[in-house]
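# Fold and contact review
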Amino acid sequence: MPDSETSTVGDERRAGTWQTALTMIQEVEPPTIPAGAHAMTVIVEFPAGDPGTPPHRHNGPCFGYVVSGEMLFELEGEAPRVVRAGEAFWEPGGDVIHYQNGNNRDDMPVRYTVTMLCPPGSPMLTLVDEDELAARADRRVPATA
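Model, not experiment: these values are computed from the prediction.

## Comments concerning the packing of aromatic side chains
- Inspection of the entire model under this criterion finds four aromatic pairs.
- Geometrically, the ring pair formed by Phe46 and Tyr112 is tilted, given 6.5 Å between the ring centres and 55° between the ring planes. Of this pair, Phe46 sits in strand β1 (residues 38–46) while Tyr112 sits in strand β8 (residues 110–118), and the two are 66 residues apart along the sequence. Assigned by exposure class, Phe46 and Tyr112 land together as buried.
- Both rings, one in Phe89 and one in Tyr112, keep their centres 5.6 Å apart while their planes meet at 80°; by these two values the pair is edge-to-face. With Phe89 in strand β6 (residues 88–91) and Tyr112 in strand β8, the pair connects residues that are 23 residues apart, well separated along the chain. Pair check on accessibility: Phe89 and Tyr112 agree, each one buried.
- Three or more aromatic residues link up through ring pairs in this structure, and these residues are Phe46, Phe73, Phe89 and Tyr112.
- A cation over a ring is seen here: Arg140 above Tyr99, with NZ or CZ 4.1 Å from the ring centre.

Right, dumping it as structure tokens:
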């Protein structure tokens, strides 16, 4: 059993370390999270050039972080953007179409984590059909140069 002097030294070392161990990568206004929400954290990996999941929506908010590579990220009402390794992204979920989440590079895979929340009994992801995409085309923001 360590003596009290050793314990004190260890506690002092720990006290300084935990205060500098965090790096803020994202801070957002929290969306409404339903009572009893189901949460899921997944790792998504797409090979080089893969377009990703077809247009879809989530029934609750999603929070993600790109571990390696680059993801092309596009939500309804926002221009497409590239999220690179070390950067975070989020979406509010609900009635917002997520158009793109594929690999932005054709020379390397992309890997990212996503934590998704949804109401109990609801699917985490629902694909959007062509008719709905056409009906909401005016909500899609073109890419900027």
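## Structural notes on the nonpolar core
- Among the nonpolar cores identified, the biggest contains 16 residues, and Val66, Met71, Phe89 and Tyr112 are the most heavily contacted of them.
- The greatest single-element share of this core, amounting to five residues, is contributed by β8.
- With sequence-adjacent residues up to four places away left out, Val66 is seen in contact with Met71, Val83, Arg84, Ala85, Gly86, Glu87, Phe89, Val110, Arg111 and Tyr112.

## Brief notes about the pairing of β8
- When β1 meets β8, the two strands line up antiparallel, connected through nine bridges. Looking at the pairing, Val44 lines up with Tyr112 of β8.
- For strand β3 (residues 62–68) and β8, the ladder comprises six bridges, and the chain directions are antiparallel. Paired with Ser68 across the bridge in β8 is Arg111.

## Examining the pattern of salt bridges
- For the structure shown, the criterion picks out 10 salt bridges.
- The residue Arg105 makes a salt bridge to Glu70 at a minimum N-O spacing of 3.5 Å. Of this pair, Arg105 sits in the loop between β7 (98–100) and β8 while Glu70 sits in strand β4 (residues 70–75); the two residues are 35 residues apart in sequence, bridging distant segments of the chain.
- Residue class for Arg105 comes out partly exposed when judged on its relative accessible area of 26%.
- Two residues, Arg136 and Glu76, come together in a salt bridge whose shortest N-O distance is 2.6 Å.

## Considerations on the sheet that holds β3
- The strand order across the open sheet built from four strands is β1-β8-β3-β6, with neighbouring strands paired in antiparallel fashion. Each edge of the open sheet carries a strand with a single partner, namely β1 and β6. Each strand axis lies, on average, 20° off the axis of its neighbour in the sheet, ignoring direction.
- Across four bridges, the pairing between β3 and β6 is antiparallel. Considered in β6, the bridge of Gly64 is made with Phe89.

Conventions we followed
- Residues numbered from 1 in each chain as written.
- Predicted model: local features only at pLDDT ≥ 70, side-chain atom pairs only at ≥ 80, totals over all residues.
- Heavy atoms only, no water.
- Phe/Tyr/Trp six-rings, centres within 6.5 Å; stacked < 30°, edge-to-face > 60°.
- Helix = DSSP H or I, 4+ residues; strand = E, 2+ residues; numbered from the N terminus.
- Buried < 20%, exposed > 50% of the residue type's maximum accessible area, 1.4 Å probe, protein only.
- Lys NZ or Arg CZ within 6 Å of the ring centre and 35° of its normal.
- Core = buried A, V, L, I, M, F, W, Y, C linked by side-chain atoms within 4.5 Å.
- Contact = heavy atoms within 4.5 Å.
- Pairing = 2+ DSSP bridges.
- Salt bridge = Lys/Arg side-chain N within 4 Å of Asp/Glu carboxyl O.
- Axes fitted to C-alpha atoms, helices over the stretch in contact; angles between N-to-C directions.

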